[in-house]
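# Reading the structure
Here is how the chains run, residue by residue.
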Amino acid sequence: MNRAMEEGVPGSDMLEIIEEALQHGKATCVAFNRRGTLLAAGTSGGSIAIFDFVTRSVARELVPEAITNEDGTVEQLPAVFSVAWSSDGRKLLSTAADGSVVVWDVAESDMSFRATFDSQLHSAQFCPTNDSLALVCPSDDGPMTLALGRGRKRTPMPQMPGFWSEDRACRIPSGGLDSAASQTPGCAAYSKSGRYAFVANNRGTLTVVELGTMDIVQACRIPGSEEGGTMYVKRLELSRDGARLLAVTTAKEIASYDVRDEVLNVNDNSTRILTPSPSLHNHVSRSQWGAACFSHDGEYVLAASGGAPHELHAWRRETGELVRILQGGAEAKGIAQLLWHPNRALAIAVGANGQLYVWARRYAENWSAFDPTYVELEENVKLADDEFDAIARNTTDVFRRSLEEPEAVALDMAVEAAAAVTA
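The notes below deal with the structure included here. All figures in this text were calculated on a predicted structure; none of them were measured in a lab.

Here is what the cut-offs are and how they apply
Residues numbered from 1 in each chain as written. Predicted model: local features only at pLDDT ≥ 70, side-chain atom pairs only at ≥ 80, totals over all residues. Heavy atoms only, no water. Patch = residues over 30% accessible without salt bridge, like charges linked within 9 Å, V, L, I, M, F, W, Y side chains within 5 Å. Areas by Shrake-Rupley, 256 points an atom, 1.4 Å probe, with all protein chains shown as cover. Salt bridge = Lys/Arg side-chain N within 4 Å of Asp/Glu carboxyl O. Lys, Arg positive; Asp, Glu negative; His and termini not counted. Charge placed at Lys NZ, Arg CZ, Asp CG, Glu CD. Helix = DSSP H or I, 4+ residues; strand = E, 2+ residues; numbered from the N terminus. Buried < 20%, exposed > 50% of the residue type's maximum accessible area, 1.4 Å probe, protein only. Pairing = 2+ DSSP bridges. Axes fitted to C-alpha atoms, helices over the stretch in contact; angles between N-to-C directions. 1 Å grid on protein atoms, 1.4 Å probe; cavity = no way out; pocket = protein on both sides within 12 Å on 5 of 7 lines; lining within 4 Å. Points joined across faces, edges and corners; volume = space filled by probe spheres on them. Nonpolar A, V, L, I, M, F, W, Y, C, P; charged D, E, K, R; others polar.

Next up on the list: a positive patch on the surface. Together, Arg-34, Arg-35, Lys-192 and Arg-240 make up a positively charged patch on the protein surface. Here Arg-240 lies in the loop between β20 (233–238) and β21 (244–249). A relative accessible area of 40% places Arg-240 in the partly exposed class.

Overall, antiparallel pairing links the 4 strands, which are arranged β20-β21-β22-β23 in an open sheet. Each edge of the sheet is formed by a strand with only one pairing partner; in this case those strands are β20 and β23 (274–280). Shown here is a sheet whose adjacent strand axes are inclined to one another by a mean of 25 degrees, direction ignored. In the sheet, β21 pairs with strand β22 (residues 254–259) via 4 bridges, with the strands oriented antiparallel. Counterpart to Leu-246 in the pairing with β22 is Ser-256.

Next up on the list: the layout of surface pockets. Considering only enclosed or pocket space, the second largest pocket measures out at about 280 Å³ in volume. Contributing to the lining of the second largest pocket are 20 residues, with Pro-64, Pro-78, Asp-98, Ser-100 and Arg-114 lying nearest its centre. The set of elements that each furnish at least two residues to the lining of the second largest pocket consists of β8 (91–96), β9 (100–105) and β10 (110–116). Per-class residue counts for the lining of the second largest pocket are 11 nonpolar, 5 polar and 4 charged.

An order of β2-β30-β29-β28 is seen for the 4 strands of this open sheet, with the pairing classed as antiparallel. The open sheet is flanked by β2 (17–22) and β28 (335–340), the only strands paired with a single partner. Looking at each pair of strands side by side, their axes are set apart by 25 degrees on average, direction ignored. For β28 and strand β29 (residues 346–351), the ladder comprises 5 bridges, and the chain directions are antiparallel.

Written as structure tokens, this is what we have:
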């Protein structure tokens with residue numbers, strides 16, 4: 001059951017029903033291209049299915065070459081952990097359970113780059129302004145940039161050492177920090193301009209790094225973190241316009257920030273890139289959150305409850321007010337990822353069972369838009385036998401005349417249409 005928490009929730013942006021369930025293998029992660037016409041879905045079988053989202057069918061499948069052992073046995077392909085599109089939509093970046101990061105040429109269905117890490121990478125994304133650079137997040141090391149070329153240079157992201165209990169704008173050169181702090185595992189995301197990287201570690205500290213200088217320009221504590229404790233950061237989600245950021249963690253609230261993505265003067269140590277906005281939570285269940293995303297216009301936040309198999313919550317981002325709870329089927333067994341369409345009121349929920357649930361609005365059919373003379377009946381109207389005969393006779397006459405005098409019939413239709421417009 002889907003429940004609206006308040007009157008007047010704009011129907012143009014609010015999800016209501018599961019429109020369809022897509023499946024090609026067991027999906028583990030998804031990503032839309034910039035226009036929302038293609039949906040990439042990584043699978044537990046190691047392949048990536050590219051859905052044509054207009055027809056909702058698989059247009060292409062990217063499959064890595066299988067590795068054959070010396071004894072002739074073929075190794076099973078590792079599960080795909082993340083997928084991300086380049087800004088021009090021609091390349092796809094994926095990570096897998098064997099620690100590999102791969103760049104795919106989508107048009108050619110060919111692998112153009114591959115590198116391997118010693119541990120699994122739970123996420124990777126292209127730089128917004130340079131598709132030969134990626135931001136990757138290993139499971140046993142700190143986030144770093146990776147050059148997607150022959151050099152394969154890895155540059156660790158600087159992080160603020162220790163537990164950070166305040167929100168502070170600063171300018172700290174990375175060369176003056178303890179290098180061990182940069183090895184703390186966590187999540188990272190680019191700003192929309194590619195000017196900054198947001199790095200959230202498992203100590204509960206969110207660091208803003210200026211990529212041009214690799215200086216730390218801000219550090220703040222993620223709500224719910226405690227000194228001496230461990231907070232696992234699941235995802236960082238940036239809104240489509242780049243003006244808002246979410247931090248999904250093991251805390252019982254989702255941290256929300258406004259983003260000021262602008263150039264800072266080299267001597268500026270007081271301007272904050274991130275400004276905290278109201279955190280999002282459910283006062284009733286107080287459960288953890290498994291995934292979250294922004295609506296396409298950034299006005300709403302959609303999150304999946306970690307304590308239910310398929311329960312989605314929607315808030316107004318500006319006020320933090322819970323406006324709707326959506327209930328899906330229990331067969332999903334949990335939601336691993338949420339992804340909103342770039343241009344429409346539609347979202348994809350990746351179920352733990354590998355299905356892709358397409359949440360959308362409930363559209364009312366308006367047949368009078370096609371024919372102004374159409375009248376919708378609230379109840380069936382029973383016709384007498386002679387009325388059926390008249391309808392059949394009239395239809396037969398029109399069909400016969402269409403075959404014998406097609407030009408006359410077309411002219412009559414044009415005259416009737418003109419009369420209807422000018423009436």
